[in-house]
Amino acid sequence: MNNKAIGIFDSGVGGLTVLAEIRKELPEENIIYLGDTKNFPYGNRNQEEIIEFAIQNVEILIEKQVKVIIIACGTATSQALEKVKDDVAYFAQSEG
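First things first, this report covers the structure right here in the doc.

1. A closer look at the environment of Asp10
- On the secondary structure map, Asp10 appears in strand 1 (residues 6–10).
- Judged by its relative accessible area of 6%, Asp10 falls in the buried class.
- Residues Asp10 and Glu28 lie 18 residues apart in sequence; the distance between their C-alpha atoms is 22 Å.
- What Asp10 contacts, discounting residues up to four positions off in sequence, is Gly15, Tyr33, Leu34, Gly35, Asp36, Ala72 and Cys73.

2. What to know about the environment of Leu19
- Checked against the element boundaries, Leu19 lands in helix 1 (residues 16–25).
- The spatial distance from the C-alpha of Leu19 to the C-alpha of Ile31 is 8.1 Å, given a sequence separation of 12 residues.
- Discounting chain neighbours no more than four positions away, the residues touching Leu19 are Ile8, Ile31 and Tyr33.

3. Observations concerning the side chain of Asp36
- Along the chain, Asp36 turns up in the loop between strand 2 (31–35) and helix 2 (47–63).
- The side chain of Asp36 sits in the buried core without any salt bridge; Lys38 is the nearest counter-charge, 6.8 Å away.
- At 3.0 Å, the side chain of Asp36 forms a polar contact with the side chain of Asn39.
- With residues up to four places along the chain from it excluded, the contact list for Asp36 reads Asp10, Ser11, Gly12, Tyr42, Phe53 and Asn57.

Conventions and cut-offs
- Residues numbered from 1 in each chain as written.
- Predicted model: local features only at pLDDT ≥ 70, side-chain atom pairs only at ≥ 80, totals over all residues.
- Heavy atoms only, no water.
- Helix = DSSP H or I, 4+ residues; strand = E, 2+ residues; numbered from the N terminus.
- Buried < 20%, exposed > 50% of the residue type's maximum accessible area, 1.4 Å probe, protein only.
- Contact = heavy atoms within 4.5 Å.
- Lys, Arg positive; Asp, Glu negative; His and termini not counted.
- Salt bridge = Lys/Arg side-chain N within 4 Å of Asp/Glu carboxyl O.
- Polar contact = N/O pair within 3.5 Å; in protein donor to acceptor, adjacent residues only side chain to side chain.

Written out as structure tokens, the structure is:
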């Protein structure tokens with residue numbers, strides 16, 4: 001079993017419902033939850049800012065060596081997912 005944590009981030013506390021469901025379904029998993037309350041709310045930000053925040057959050061979770069990252073923020077998902085995936089893929093290639 002991979003003992004690395006599952007990483008979850010949201011722009012605030014709304015993602016705690018996602019955390020609760022994951023805990024219910026996967027009670028043995030270690031989980032790191034990052035609530036970006038410093039930059040909350042994302043909804044009134046432009047896309048460039050949202051991408052920047054999402055990448056920063058992903059980088060923090062990567063530093064924590066999580067095995068998977070769940071974006072529990074609808075705004076970050078809709079505005080930054082493709083850019084985050086590109087950056088993570090680039091990071092993974094440069095690390096390998």
